[in-house]
Structure formats: structure tokens, C-alpha cells
Amino acid sequence: MSNELRSRNWFGKTGKDGFIYRAWMKNQGIPSYEFDGRPVIGICNTWSELTPCNAHFRELAESVKHGIYEAGGFPVEFPVMSLGETLIKPTAMLYRNLVSMDVEESIRANPMDGVVLLCGCDKTTPSLVMGACSVNLPTLVVSGGPMLTGKYKGKDIGTSDVWRFSEAVRAGSMSQEEMTVAEACMCRSRGHCAVMGTASTMACMVESLGLSLPGNAAIPAADSRRKVLAQMSGLRIVEMVKENLRLSDILTRKSFENAMRVNAAIGGSTNFVLHLLAIAGRIGVALKIDDFDVHSRDIPLLANLQPSGEYFMEDMYYAGGLPALMKEMRERLHEDCITVNGKTIGENIAGAECYNRDVIAEGGKPFNDISGIVVLKGNICEEGAVMKPSAASPHLLEHTGRAVVFEDIEDYKNRVDDPELDIDETCIMVLKNVGPSGYPGMPEVGNLGLPKKILAKGVTDMVRISDGRMSGTGFGTVVLHVSPEAAVGGNFSVLQDGDMITLDVENRLLHADITEEELNRRKANRKTPPSPYNRGYVSLYVQHVEQAHLGADLDFLKGSSGSRVSRDSH
Ligand code: FES
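Residues numbered from 1 in each chain as written. Predicted model: local features only at pLDDT ≥ 70, side-chain atom pairs only at ≥ 80, totals over all residues. Heavy atoms only, no water.

A. The arrangement of the side chain of Glu-314 in detail. With respect to the secondary-structure elements, Glu-314 resides in helix H14 (residues 313-318). The buried charged residue Glu-314 lacks any salt bridge, with Arg-188 as its nearest oppositely charged partner at 4.6 Å. Of note is the side chain of Glu-314, whose polar atom sits 2.8 Å from the side chain of Tyr-318. (Helix = DSSP H or I, 4+ residues; strand = E, 2+ residues; numbered from the N terminus. Buried < 20%, exposed > 50% of the residue type's maximum accessible area, 1.4 Å probe, protein only. Lys, Arg positive; Asp, Glu negative; His and termini not counted. Salt bridge = Lys/Arg side-chain N within 4 Å of Asp/Glu carboxyl O. Polar contact = N/O pair within 3.5 Å; in protein donor to acceptor, adjacent residues only side chain to side chain.)

B. Quick look at the packing of aromatic side chains. Following the criterion strictly, the structure yields nine aromatic pairs and no others. An angle of 50° between the planes, with centres 6.0 Å apart, marks the rings of Tyr-537 and Tyr-541 as tilted. Note that Tyr-537 and Tyr-541 are positioned in helix H20 (residues 536-544) at a spacing of four residues, about one turn of the helix. Side by side, Tyr-537 and Tyr-541 carry an identical accessibility label, which is buried. Cluster of aromatic residues (ring-pair linked, three or more members): Phe-11, Phe-35 and Phe-74. For Arg-58, the ring lying beneath its charged end belongs to Trp-47, and the centroid distance is 4.1 Å. (Phe/Tyr/Trp six-rings, centres within 6.5 Å; stacked < 30°, edge-to-face > 60°. Lys NZ or Arg CZ within 6 Å of the ring centre and 35° of its normal.)

C. Up close: the side chain of Asp-122. Following the sequence through the fold, Asp-122 ends up in the loop between strand E3 (114-119) and helix H5 (124-133). Although Asp-122 is buried, it makes no salt bridge; Lys-123 carries the closest opposite charge, 4.1 Å away. Within polar-contact distance, the side chain of Asp-122 engages the backbone nitrogen of Ala-199 at 3.2 Å. The residues touching Asp-122, leaving out its near neighbours within four places in the chain, are Glu-85, Thr-198, Ala-199, Met-202 and Glu-444. (Contact = heavy atoms within 4.5 Å.)

D. Expanded view of H5. Among the ten residues that make up H5, ten are buried, leaving the element largely enclosed by the rest of the structure. Restricting attention to buried positions, one finds in H5 the residues Thr-124, Thr-125, Pro-126, Ser-127, Leu-128, Val-129, Met-130, Gly-131, Ala-132 and Cys-133.

E. Region of the structure containing the sheet that holds strand E2 (residues 74-79). The parallel open sheet is built from four strands, whose spatial order is E2-E1-E3-E4. Here the strands that pair on one side only, and so sit at the sheet edges, are E2 and strand E4 (139-143). Between one strand and the next, the sheet's axes are offset by a mean angle of 20°, whatever the strand orientation. Inspection of the sheet shows strand E1 (residues 40-45) paired to E2 by six bridges, in the parallel sense. Considered in E2, the bridge of Ile-41 is made with Pro-75. (Pairing = 2+ DSSP bridges. Axes fitted to C-alpha atoms, helices over the stretch in contact; angles between N-to-C directions.)

Right under this line is the structure:
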């Protein structure tokens, strides 16, 4: 086996090159026998104190290492750029593709035979999986796990309450002092957001794709069983290298269909669309935005988790975790898809049990018949737009209203609370220029706060449309990812105050009552300001980022370059 390992091109050499490859590694106290041809496993770590959701990852990496040693492998931990959703400005999404490049090049350039990806906070999962796909070694994902459920004034709270609290402060029903107390009550343990936000969605995505051991998605970060799973993952990756079980063996069209169906049943984040499209693009599986609608259309909501429901990821784990949920929808899954443990999805979920029907519904008794991601089309989203109906208000799913247009986020901030703003709750709020290249980076601002004067009436939801994203923890009747975005000159770019817009979710329609001639006239008069970004990564990003309906990857990163090093100077 040892001659087949790519790490032998480093550590298996004699002479000057072999000396150099091994000698400098030995300064870490590594004995000679570690270089004897055992599989070298990279542990790709997104630990950072600036990514609080991943701040426990050095400890998690130690558990992975234990497993690798136990299985006779040689672990090598390496850092990549980490993306902390709450701190990074202007938005972590701007850097997802940059991190994927870091991951891809770090794996390929170094002596690794297999990789464990340590992922947690929202963007750390897709960026690591995307990068790893472009190399395609045996790869296994270990998620960091959700935080314990927050507790405030005797109630369970989670990230979705941030939106409720901030609206309550704006409406005057909560004081700033109370909000400051709530801050310390929400994030009371290690781990990522505890609701079915993007991080939990991504953890479920990797498990349903077959990229993690069963049960990975829901074990709380603070639960000792998270470390057990990490150790078991370390054990397993060594076996995967011996079996040559690669990402491309696991990530098939059928496994992507499983992930889309599971995402519907859990009420997963809309960000799932962007990330799954980008991952598919890297591994070479043909996936289109319309697939998300097709494969979630008949899937009911089986997880009663915020923001679509009531509970938290901790509850999901105690109720049986993702395997118990997947078992409830097994007839809708491709059970024969192979996963990282060498077993099929069907084998992995066969023994799963549900212990709490308030959290995971029986297949025949869902919490909501509405779930999933709806893909809308129409004359103001020619390539598509998405929304999450389970997080929307049922009475607004079919609605026609007058557009109140904000040209960019600064325009919105300046005018939204102006008492003179001509708006009522039947209007549709439109926010432009928050798309991939327009912002740039497609920030999570799509669930715009309502104007104060409307909140004061007790109204909590209005239809909102933008070319940006929404946090997976957000909710409301919010249409997102309008493509083409305003900045590249689609019809959305020329919407004006007073245009009448119809949202018809049942018929998957988003339409403005404007003639083709009028749209073309407006577009002909549209002025495009020169880009202010003319150096560095952001300039590269703006020039090459694709539209949301394609996954917002950089055009030159699609596909794979494999694991071969392009040149060997030694
Ligand atoms: Fe990291 Fe929510 S901020 S997962």
C-alpha cells in the first residue's frame, strides 16, 4: 500500500530531498518510524479566537489525532483562514471562495493522503468542502457541534431571538439593559448557533451527503460524545485512505438529491442553495437552482426547530439526531448512497430511533406541509430567486403590493425610520445592490427590519425582496438571491417606487407589472458607476464571482485539479 500513497513522494524519498522533507518535521519531536509509509492525514483546522463558534477546535483536533494514531496513521494539523460570521466585515461570504482556495492549495501542496475537515461556523463548512472537492482525496468532515440552548428569564432562546429582541427594542417593548442581559444568556457554551441556521444546516448537509459519520450534525459541542465522534472520525479516515474512498465516490447526483430533500425536511437555511451549488460545481455534478424546488416540493417539515419551529439542535440530538429524522423519510431518499463509513445511507439510518415526537415528526404527521426552498421566476428575477416558505407568514404567500425601493443598504438605513416614508404594511420592500458583485459579497441583510411606524402598529412581517442573503436564523416573508442581481443590470436593477409587484408562491412567480418596453427603456437609461475595487482579492472577486443561481463561486475555481502537484522542483 505504501507505494501508492502520495505522501511517499515526500517522506518515502532518499537522498537530499528525503532528508529535507523529514528532517524539518523531526524538529517537532516526531520519531523516525512515523515516516515509515503509514497514511498521512491532514487535519484542516478553522480554529480561531475570532471565530467563536470554532474556538474549541484545537481540543477537537486532539481527539481526531487520537483516532488517527490508534488506526496507525500519522496526523498533521494545519490551519486555514477561518471565517467568524459575527465579526468579519463586510460579510464572511465575501471570503468563502478565498478560503476554498486556501484549503485546496494547502491540501494539494502538502504530503497528505487523506483529510479531516474541522468545520463549524456557517462559511467554514462550504469553503472547506469546496476546496477539498477540487483535490478529491479521501476526506471526512467533523462538525464542531451546536451550542447548548440559551436560557433567558426562564425561556429557551437562540440566534433567531436576536431579530425578535432588536425589533422589540426598536418598538419600545424591550429595554437596552434587558437586551444586554440576554447577550450573556444566549451563547453560554462552546459551539455554533443552536437553531437550524446556516451552521446547523451545513452540518446536516454534510451528514446527508454522506461526508460525516452518522450523528455528526446534532451532538452539542459541549457534549463529551462530540469528542468521541471526532476520535472515531480519526480512526475511520485512515481506513478510507486504505480503501481509496474519495469524495467523488460519495458525492454523486443521488447524494445531492438526498441533501436537498433532507434540507427541506429540516427547514434548512436558504444559504444551503448557494453552498450546495458551489460544491456540486467543484466535484462536477450537474445541479441547477430549479433542482432545489423539484426535490423539496413534496417534502414536509419533520424537524420542529427554530426558525421554522420551536426547538433547538440540542433537542434534536436528544430526540435521535439526523439519522432518526432521515429514517422518517427513508422512502424519499436514495438509501444506496455510500457514505464515509463505507456503509450506505440506508444502513446508517436503519437502527435510528426517535425519542421525542415534539421535535422530530413521524413521516405521516409532519409539523407543516410547507417546507423547503421555493425557487421563484418572473420578469424581475429572470434566473431565479429563492424563499423559505416555512419561515414566512402564510397570509403573505400570495400578495400584490406597491414597491418601496431602497437603492442600497445605506439608502435603506437612512430612510427606513423616516416618518415621512410613504409606506404601509401592504407595500413590498425592495433592496438592491446587495448581491454577489454589487455589495460585494452578498451580505445577510435580506430580512430587512420593518419601518418603526409599521412595527408600532403591531405588524411583524411584510414582503421583502433583495438580491442579498438572509441569515439562516432569520425569518419572514423574504425573497432572496434575486438573479441577475441589480449590479449586473437585470430587470431587478430598474425597479422603481410605485411599481406593483406580485408574489405568488404557489405558482412560483415573482412579477412586476411593467411592460417589456418600459423595462428596456429604463435599462437603456441605467448608468453603471465604475467599480471602486481595483486591487487585491476584492477586485479579483468582483471580476470573477458568478451569479447567485450558479452558487456565487469564482468562475475559474469550478471543477477540480486533482491531487497531483503541478511541478516538482525537488
Ligand atoms: Fe457562527 Fe452562527 S455565528 S454559526
